[in-house]
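The lines below spell out each chain.
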Amino acid sequence: MESVISEGNLKKHVRFLKRHLALLPASKQSYDVNRLAIVFYAMATLSSLGEDVSHQYKENIAWIETNYIVRNTDVGKLSGFIGSASLNIPGTMTLSLPNTLFGLLTILILKDKQFIDKKIDRESLFHFVSQCQLRDTGSFVSVLDYHTNQPSPVDAHDLRFSYIAVAILYILGCRTESDFGKYVDVIKLVEYIQNQACDIGGFGTLGEPHAGYTSCALSALALLGKLDAIDPDHKEQTIQWILDRQVSNLGAMATNDISNEWYDENDHGGFQGRENKYADTCYAFWCLNSLKILEPNFTELCDTALVKSYLLDKTQDILTGGFMKNDEEDADIYHTCLGVATLRLIDGRFNGLLCIPDDVSFE
Ligand SMILES: [Zn+2]
């Protein structure tokens, strides 16, 4: 059993990640609307693996920054990031909250403080975040309507976008409730998050807890400095709910029952995102990040050696590099990012609230 990524596998992971960045130069303008997300996952993971991306990709910073746009609209000046240059369409609102977070984090990883401090038009970016909040529920949509610049009526408004909105404000300097309160309705937002708490622990929609939503809810409250808004009983139930998501073939928690259609002996040590689901690399991150927020000594509560061996022995792709969702799919950039993030989180070297290595500086 391995306990860390071996030198040989590390090289494969780096090659796997760099292949995703091979089309970066501005001369090869991509039409992939998720380009910025892929760039973020690759940069964050390379940086987590010890690569000096701020030097290696210095020439690409300008390309990434062209995805930041400022628009004069009938609701005032708005700014943020678009997913790729193909979405820079005059007269059409194509900014999105997720791309704005991916763009800002990528620039932080690439250490272009100058851009964050001087080129970002903060007031218009804050205004964009503010404009994405639904006044009645306190939750956020991810995009505005193309033409009215109001929250898009067809967009989802769940815990993911509440988290993303808070993370953007945090990166741009908000620290206290009054800082956040200048741009968004913090009271309504916290109420919205509290309303997503599930009776059996965790957070989710329609009363069903989900590890991804739980991580978003807890990370948002932590960044807002409002973790005390969690009811103490719900906190304990949530810790237990997360611990119960680790799949084990052994002992009283064993799911070793062939009548259970969700049983897979290769899931041993991994985490599932909901009850009665297979384990998946990304849920190891969402579960452990949630646990760490509620209990800083989280490594004493669950079997981290078993999670590591699940990741390193089952979902690490030692042929192509990267991590897979489970032991059956091909490696992909999202699960690679969260597999590596989980290993670093367990080692105490990851900023799980923002999903970046803990040595990325904000100052
Ligand atoms: Zn997954």
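The structure displayed is predicted, hence computed values, not measured ones. (Residues numbered from 1 in each chain as written. Predicted model: local features only at pLDDT ≥ 70, side-chain atom pairs only at ≥ 80, totals over all residues. Heavy atoms only, no water.)

Engineer: Lay out the packing of aromatic side chains with the relevant residues and their values.
Structural biologist: Overall, the coordinates contain 9 aromatic pairs when judged by the stated rule. With a centroid separation of 5.9 Å and 85 degrees between ring planes, the pair formed by Tyr68 and Phe115 is classed as edge-to-face. Here Phe115 lies in helix α6 (residues 113-119) and Tyr68 lies in strand β1 (residues 68-73), a separation of 47 residues in the sequence. As far as burial versus exposure is concerned, Tyr68 and Phe115 are alike and both buried. When the ring of Phe285 is compared with that of Trp286, the centres are 5.3 Å apart and the planes differ by 70 degrees; the resulting orientation is edge-to-face. What makes Phe285 buried here is its relative accessible area of 0%. Among the aromatic residues, those joined into a cluster by ring pairs are Phe40, Tyr41, Phe102 and Tyr334. Its guanidinium or amino end placed over the ring of Tyr170, Arg175 lies 3.7 Å from that ring's centre, counting from NZ or CZ. (Phe/Tyr/Trp six-rings, centres within 6.5 Å; stacked < 30°, edge-to-face > 60°. Helix = DSSP H or I, 4+ residues; strand = E, 2+ residues; numbered from the N terminus. Buried < 20%, exposed > 50% of the residue type's maximum accessible area, 1.4 Å probe, protein only. Lys NZ or Arg CZ within 6 Å of the ring centre and 35° of its normal.)

Engineer: Can you tell me about the environment of Gln131, naming the residues and giving the values?
Structural biologist: Summarising the element assignment, Gln131 is placed in helix α7 (residues 122-131). With 53 residues separating them along the chain, Gln131 and Leu78 place their C-alpha atoms 8.8 Å apart. In contact with Gln131, not counting residues within four places along its chain, are Val75, Leu144, Asn149, Gln150 and Pro151. (Contact = heavy atoms within 4.5 Å.)

Engineer: How would you explain helix α13 (residues 281-294) if you had to name every residue and give the values?
Structural biologist: With 14 residues, α13 extends 21 Å from end C-alpha to end C-alpha; this agrees with the ideal 20 Å at 1.5 Å per step. For α13, the N-terminal cap is Asp280; the gap from its side-chain oxygen to the backbone nitrogen of Cys282 is 2.9 Å. (Expected span 1.5 Å × (residues − 1). Polar contact = N/O pair within 3.5 Å; in protein donor to acceptor, adjacent residues only side chain to side chain.)

Engineer: Could you give an account of the coordination of the zinc ion, naming the residues involved and the relevant values?
Structural biologist: Around the zinc ion, the protein supplies Asp280 (OD), Asp280 (OD), Cys282 (SG) and His335 (NE2) as donor atoms, at distances of 2.1 to 2.5 Å. Here the donor residues of the zinc ion share one chain and are spaced in sequence as D-x1-C-x52-H. Classification of Asp280 by relative accessible area gives buried; the value is 5%. Assessed through its relative accessible area of 4%, Cys282 is described here as buried. (Donors = N, O, S within 2.8 Å, 3.2 Å for Na, K, Ca; no water.)

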